[in-house]
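The chain contents come next:
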Amino acid sequence: MDERGANIDLVFRNGLKDFEVLPPPEVWDNIHPVIKRKQRPFILIRAAALITLVISISFLTYRLSREKLPGPDNTVIALNEEAASPSISSSIDKPITFAAEGNKLLKNPSKTLAENIPDKAIEPENKMTSSPDVAYLQETKSLSMNKAKPLYEPPLASLNSSRKNTFKIKEPDEQFLPWNSTIKGTGRWSIAAMASPTYYSKFNSDNSEISKQLMASEQPLISYSGGVAFSYKINKRFSIQSGLYYSSLGQKVEGINSFGGFQKYENTKGDHNFEVLTTNGSVYTNNADVFLIATGPGERILTSYTSDVFDPEKASLQYINNTLRQFFSYVELPIVLRYKVVDKAIDINLIGGVSYNLLVNNSVYTMVDGGKYPIGTTKGLNPVSLSSSLGMGMEYNLSDNLSLNLEPTFRYYLNPFNEVTGSKIHPYSFGIFSGVSYKF
Amino acid sequence: MSEIEKIIKGCLAGNRRDQELLYRRHAAKLYAVCLQYSGNNEEARDILQEGFIKIFENLNHYKHEGSFEGWMRRITVNTALEKFRRRHSLYRVDDIDLIPEPDADPDNQDYAGLEAADLLEIIRELPPKYKVVFNLYAIEGYSHKEIGKMVNISEGTSKSNLFRARVILQRRVGSYTGIKKRIANG
C-alpha cells in the first residue's frame, strides 16, 4: 500500500503542478479597496511624523539657544549681595542708573524707593535715570531675579524722581543679550502676504509606452499661487511659519479636438460621453454639447462614439480647439521652517517645510474666442495631497517693521494627484514668491 | 533589480498598477491551490482574497530569499489552514462508509489520461480532514509531525488520515479512469 500510496501522491503532485485556474474577476475588486484603505493611514502617519519632526527641531533649537544664553542673573545677584555697599559695579560697560536697596526694602514695600534707601548706603549719582535704562531694568528683573524674591518693585515715578539715591551699574554687553540685540525692538511675530506665478510640471519614472505618450502631449501652463503667512521668530536664526495659501496648477493636453453642437446627436443617458486619459487621471466630460476626438497616436479617448460610428465633420459640428486645459486648485496649509543664513541689509533665509493641500476645485475646459468652453472634470483626484517645499528667501528691511520679500521656492508633491492611475508621476512646481511682511 | 523586485517595490510604495500586476500574474496559480483546500468555489474565493490581502500586508517582510512564488503559496496555504481550523468542529470525517464502491480494482490502475482538472475535482471530493492532510503531505511536502502541529492533530491521526485519503483517491481515480476509457471506446 505504501508504494501505491507514494504512487498516487506523485500522480497528484505532478498532475497539479503548475495548474492554474482563473479566479472570478470580483476577487481583485474586493482586494484592492482593502489594501488601499490600509495604506492611507500610513501616508497620514508619515505626514504627521514629518510635521512633528519639523516642530521638534524648531523647539529643540529654541531650547538649546536659550540654554546657551548667559542671562543677566549675575548682575542682579551681585546687586542683591552687595546692596549694603555704596557702589555696585560689574564687568558691564555701559552705565545706567538704578535705584534699589537690599533686604530693608522688603520690610517696607509700601514705601517708595527713595524713602527706603538710607543715604549713607548709597553712592550719590547725579545722573538722571533715563527711560531706556528703566526698560532694561524691568526686563532684567523679570528674567532673572528669582534668587532675590520676594523683591520689591520700585514704582517708576519714584525711580525717576530719585536722582540722587541711585546705584551705578553697567549694562551687559550686547552679545550676551541676543533677545535685545537680535530682535531690534520689534516683535517675534510677523505676517506676510505673498504671491507668485508658478510653473507646474512633473517627474515621470514610469517607462510604459502609454505613459510616455501621455507625457508628450501635455504641456505645463503658468499658473499662480498666493496667500497669507504668519511666522514666529524662535530665535535669531530660526523662525517657524504657517498660514493659508491658494494655488492653482494647470496643464495643456494637446491632440484632443473639441467640437460643439453634439447634444442633438447624443441619445444615451450615461453620466459622461467621453473619457480622456491624462497623466493626472481621466477627464470625464460633463458638457453634453461637446464632442471629443483624439488626433494623435494611441487610444486616449474612451467613448462609444468612435470615428467609425460618428463623424463630427459630416454632422457639421462646430470645431472649437485642439487643446484641453486641465486645472486644479488647492488650499494649502504649510508648516515651514526658516533659517536665517545672512543677517544684513538684505537677509537671506533657507526655507523648508511641508504643506497639506486640500483640493477645492478641478476643471477642464478649452478656449474659444478668448473665453472658456467647459469640458468636464478630472475624476479620482486625491482630496488631500502632501507636498514638500524648499526655497531661499531674500528679505529687504524697509523699516524696523516692514520688509520686502522674494522667495524662489521649489515644491515637490509627495503623492501623485490621482491615485487611481497607479501613477509613478510626481508633480512639482516652481514659483518666485514676492510680497511684504510686517513684524509686530 | 529583477522585474519581480521592481513590482514588489512598487507594491510597497502603494502603486496600484504594480499591485494589480502582481495579482494578475499569480492569482491563477494560487486560486488552484485554494480550490485544492476548499469544499466549494465560494470558500476558495475567500481564501484567495484573504491570502492576497495578507501577501500585500506582509510584502515588507519578504526577505528576497528563496522563491517569491513559494512564499506566496505558503501564505495561501496557511490562510486555507486557518479557515480549516475555524471550521474544524463542523467537519465530520466518519463518512468514509458513504463513499461509493470503486468500479475499478485499485491494485491494477492506469492513471494515464487524467488531466489536472480531473485530479482537482477528485481531491476536492475528499472529506476535509483527509483532504488537508493529503495536500500538506503529498503536494506541499510537510512531514506528519509538522502536519500534526499545523492542523492540531496527532502524528498518528495524520498518518491514518493520509492512508484513508489515499484509499479514497485510488478508488476515485479508478472510477474516473474507467469512465474515461468507456467514453473513449464509445
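Here is what the cut-offs are and how they apply
The numbering scheme is per chain: residues are counted from 1 as the chain's sequence reads. Going through the entries in the order they are written, you letter the chains from A and number the ligands from 1. At least 70 in pLDDT is required for a residue's local features to be given in this predicted model, at least 80 for side-chain atom pairs to be given and counted, and no such filter applies to totals for whole chains, interfaces and linings, which use all residues. Only hydrogens and water are set aside; all other atoms, that is, all heavy atoms of the structure, feed into the side-chain values. Every helix listed is a DSSP run of H or I at least four residues long, and every strand listed is a run of E at least two residues long, numbered separately from the N terminus. Each residue is assigned to one of three classes by its accessible area relative to the maximum for its type, calculated with a 1.4 Å probe on protein chains only: buried under 20%, partly exposed between the two thresholds, exposed over 50%. Throughout, a residue-residue contact means that at least one pair of heavy atoms, one from each residue, lies within 4.5 Å. Using the Shrake-Rupley algorithm and a 1.4 Å probe, accessible areas are obtained, with residue cover drawn only from the displayed protein chains. Aromatic pairs are defined between Phe, Tyr and Trp rings, using the six-membered ring for Trp, whenever the two ring centres lie within 6.5 Å; interplanar angles under 30 degrees are classed as stacked, those over 60 as edge-to-face, and all others as tilted. For any pair of parts, buried area is found by adding up, for both, the accessible area (1.4 Å probe) each one loses once the two are put together. Each salt bridge in this description consists of a side-chain nitrogen of Lys or Arg and a carboxyl oxygen of Asp or Glu lying within 4 Å of one another. N or O atoms closer than or at 3.5 Å make up a polar contact, with two conditions inside protein: a donor-capable atom paired with an acceptor-capable one, and, for residues adjacent in sequence, both atoms drawn from side chains. Following the grouping adopted for this structure description, the nonpolar residues are Ala, Val, Leu, Ile, Met, Phe, Trp, Tyr, Cys and Pro, the charged ones are Asp, Glu, Lys and Arg, and the polar ones are all others, Gly among them. Expected helix span is computed as 1.5 Å times (number of residues minus one). pLDDT measures the predictor's confidence residue by residue and takes values from 0 up to 100.

### Quick look at the overall build of chain A
Then, in step 1: Tallying secondary structure elements over chain A gives nine helices and 15 strands in all.
Then, in step 2: The buried share of chain A, taken over its 440 residues, is 44%.
Then, in step 3: For chain A, the share of sequence-separated contacts (at least 6 apart) that also reach a separation of at least 24 residues comes to 76%.
Then, in step 4: Within the structure as shown, chain A displays about 23,000 Å² of accessible surface, and the carbon and sulfur contribution to it stands at 57%.

### What to know about the packing of aromatic side chains
Residues and elements named next belong to chain A.
Then, in step 1: Under the defined criterion, the tally for this structure stands at 21 aromatic pairs over all chains.
Then, in step 2: Here the aromatic rings of Phe-203 and Tyr-412 are separated by 5.9 Å at their centres, their planes lie at 45°, and the arrangement is tilted. In this pair, Phe-203 is assigned in strand S3 (residues 189–204) and Tyr-412 in strand S14 (residues 402–413), connecting sequence segments 209 residues apart.
Then, in step 3: Ring centres of Phe-238 and Tyr-339 lie 4.9 Å apart, and the angle between their planes is 55°; on these two criteria the pair is classed as tilted. Note that Phe-238 is positioned in strand S5 (residues 238–260) and Tyr-339 in strand S10 (residues 318–342), a separation of 101 residues in sequence.
Then, in step 4: Judged by relative accessible area, Phe-238 falls into the buried class, the value being 17%.
Then, in step 5: Through successive ring pairs, a cluster of aromatic residues spans Phe-259, Phe-262, Phe-274, Phe-291 and Tyr-319.

### Points about the interface of chain A and chain B
Then, in step 1: Contact residues are listed per partner, giving 37 residues for chain A and 43 residues for chain B.
Then, in step 2: By the criterion of area lost to chain B, the three top residues of chain A are Phe-12, Leu-16 and Trp-28 of chain A, representing 19% of everything that side buries.
Then, in step 3: Where chain A meets chain B, there are three salt bridges.
Then, in step 4: For Arg-166 of chain B, the salt bridge is made with Asp-9 of chain A, and the minimal N-O distance between the two is 2.5 Å.
Then, in step 5: Across the chain A-chain B interface, the total number found is six residue pairs in polar contact (both at pLDDT 80 or more).
Then, in step 6: Those elements that place two or more of their residues in the side of chain A that touches chain B are helix H1 (2–16) and helix H2 (26–67) of chain A.
Then, in step 7: In terms of residue count, the dominant contributor to the side of chain A that touches chain B is H1 of chain A (11 residues).
Then, in step 8: Taken together, the residues of the side of chain A that touches chain B sort by class into 17 nonpolar, 10 polar and 10 charged.

### Quick word on helix H3 (residues 41–57) of chain B
Three- or four-residue spacings in an α-helix give side chains the same orientation, since the helix completes a turn every 3.6 residues.
Residues and elements named next belong to chain B.
Then, in step 1: End to end, H3 covers 24 Å across 17 residues, agreeing with the expected 24 Å (1.5 Å per residue, within 8%).
Then, in step 2: Looking at H3, one finds that the buried residues are Glu-43, Ala-44, Ile-47, Leu-48, Gly-51, Phe-52, Ile-53, Ile-55 and Phe-56.
Then, in step 3: Capping the start of H3 is the job of one residue whose side-chain oxygen sits 3.2 Å from the backbone nitrogen of Glu-42: Asn-40.

### Digging into the environment of Glu-140 of chain B
Residues and elements named next belong to chain B.
Then, in step 1: With respect to the helices, strands and loops of the structure, Glu-140 is situated in the loop between helix H6 (128–139) and helix H7 (144–151).
Then, in step 2: Taking C-alpha positions, Glu-140 is 9.0 Å from Arg-74, a pair spaced 66 residues apart along the chain.
Then, in step 3: Residues in contact with Glu-140, not counting those within four places in the same chain, are Tyr-37, Arg-73, Val-77 and Asn-135.
Then, in step 4: A polar contact is formed between the side chain of Glu-140 and the side chain of Tyr-37, at a distance of 3.4 Å.
Then, in step 5: A polar side-chain atom of Glu-140 sits 3.0 Å from a polar atom in the side chain of Arg-73.

### Re the confidence of the model for chain B
All names here are of chain B.
Then, in step 1: Looking at chain B, the pLDDT average stands at 82 and 83% of residues meet or exceed 70.
Then, in step 2: Ignoring residues within four places in sequence, the model shows residues 89–108, a span with pLDDT below 50, making 23 contacts including any to other chains.
Then, in step 3: Confidence metrics for the complex model read pTM 0.43 and ipTM 0.84.

### Topic: the pattern of salt bridges
Then, in step 1: Taken as a whole and judged by the stated rule, the model has 16 salt bridges over all chains.
Then, in step 2: One salt bridge connects Asp-347 of chain A with Lys-340 of chain A, and the closest N-O pair in it is separated by 3.1 Å. In this structure, Asp-347 of chain A and Lys-340 of chain A share a single accessibility class: buried.
Then, in step 3: Among the charged side chains, a network of salt bridges with common partners joins Asp-18 of chain A together with Lys-29 and Glu-69 of chain B.

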